[in-house]
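Chain and residue survey
Given next are the chains, with one letter for each unit.
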Amino acid sequence: MTTYCIARLSAAHVAPLADLDGETNPHPWTGKQWLDSLSHHDCFGLWQGEQLLGFAVAMATLDEAEILLIAIHPERQGQGLGRQLLLAVERELANEGVRQLFLEVRDSNQSARGFYQSLGWQESGRRKNYYPCLPSSSDSQSSLREDAILCSKALTIPSALPQDVQELA
């Protein structure tokens, strides 16, 4: 059985974070944005040995938090790692007193929307023209924007992590 470790991230992880963000995000964060986030937000990494396979960033305020970013290495998507990571983050935030989570997802990202719904997230609103459209060779108007779907989830007493995921370090 493969074992994964989910741990809080620090400034020492900027290079692998920036690399993975660049592979998964059409608008990746800069090194400075990562350093700011690591010092001001809850940042978690999903590791297999020394390899960073995924990350999640949450911004908490009192009993609420927003998931700012979540990503899994492209070659490892569809293997349940995103589910393990998000459940571990939810559990850790609930342990810290967070009772309501929020996130935004592209309207066109049906895969992510289905993923969040499968974990109990509710679509609760829409932000018009929130995201820049992804470049497309058939799109002559690349300046168009795409709506964000707002999602929320109430957190309850934390549940156990899957057997192949270690407690947060």
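Below: a short report on this structure. (Residues numbered from 1 in each chain as written. Predicted model: local features only at pLDDT ≥ 70, side-chain atom pairs only at ≥ 80, totals over all residues. Heavy atoms only, no water.)

1. Some details on the packing of helix α1 (residues 14-24) against helix α2 (residues 31-40)
Two packed helices can be described by the angle between their axes and the distance between those axes. For the pair α1 and α2, the least separation of the axes is 10 Å and the interaxial angle reads 120°. Here α1 lies oblique to α2, going by the angle between them. Seen along the crossing, α1 lies across α2 with a hand that is right-handed. For the pair α1 and α2, the contacting residues are V14, L17, A18 and D21 in the first and G31, W34, L35 and L38 in the second. Residues that form the contact of α1 with α2 fall into these classes: 6 nonpolar, 1 polar and 1 charged. (Axes fitted to C-alpha atoms, helices over the stretch in contact; angles between N-to-C directions. Helix = DSSP H or I, 4+ residues; strand = E, 2+ residues; numbered from the N terminus. Parallel < 35°, antiparallel > 145°, perpendicular 65-115°, else oblique. Left-handed = near helix turned anticlockwise from the far one by under 90°. Contact = heavy atoms within 4.5 Å. Nonpolar A, V, L, I, M, F, W, Y, C, P; charged D, E, K, R; others polar.)

2. Concerning the nonpolar core
Nonpolar side chains tend toward joint burial in soluble globular proteins. Membership of the largest hydrophobic core comes to 28 residues, with the highest contact counts inside it found for L46, I67, L85, L93, L101 and W121. Where this core is concerned, the elements lending two or more residues are β1 (4-8), β2 (42-48), β3 (51-61), β4 (64-72), α3 (81-95), β5 (100-106), α4 (110-118) and β7 (145-154). Take this core: its biggest share by element is 7 residues, from α3. Excluding anything up to four places from it in sequence, W121 contacts I67, L86, E90, L101, F102, L103, Y116, C151, S152 and K153. Ranked by size, the runner-up nonpolar core spans 13 residues in total, among them L17, W34, L38 and F55. (Core = buried A, V, L, I, M, F, W, Y, C linked by side-chain atoms within 4.5 Å. Buried < 20%, exposed > 50% of the residue type's maximum accessible area, 1.4 Å probe, protein only.)

3. Some words on the pattern of salt bridges
Think of it this way: side chains of opposite charge can pair up when their charged atoms draw near. According to the stated counting rule, one finds 12 salt bridges in the structure shown. Here D36 makes a salt bridge to K32, at a shortest N to O gap of 3.0 Å. Here K32 and D36 lie together in helix α2, a separation of 4 residues that amounts to about one turn. Residue K32 is classed as exposed on the basis of its relative accessible area of 57%. Shared partners join several salt bridges into a network, and the residues in it are D107, R113, E123, R126, K128 and D147. (Salt bridge = Lys/Arg side-chain N within 4 Å of Asp/Glu carboxyl O.)

4. Section: α4
The complete set of buried residues in α4 reads A112, R113 and Y116. End-on view of α4: buried residues confined to an arc of 100°, all on one side of the axis. Turned more than 90 degrees off the buried face of α4, the exposed positions are Q110 and S111. Looking at the packing, one finds that the buried side of α4 touches β4, α3, β5, β6 (122-132) and β7. Where α4 ends, the next residue or the one after it, G120, has phi of about 90°, a positive value. (Arc of directions from axis to C-beta.)

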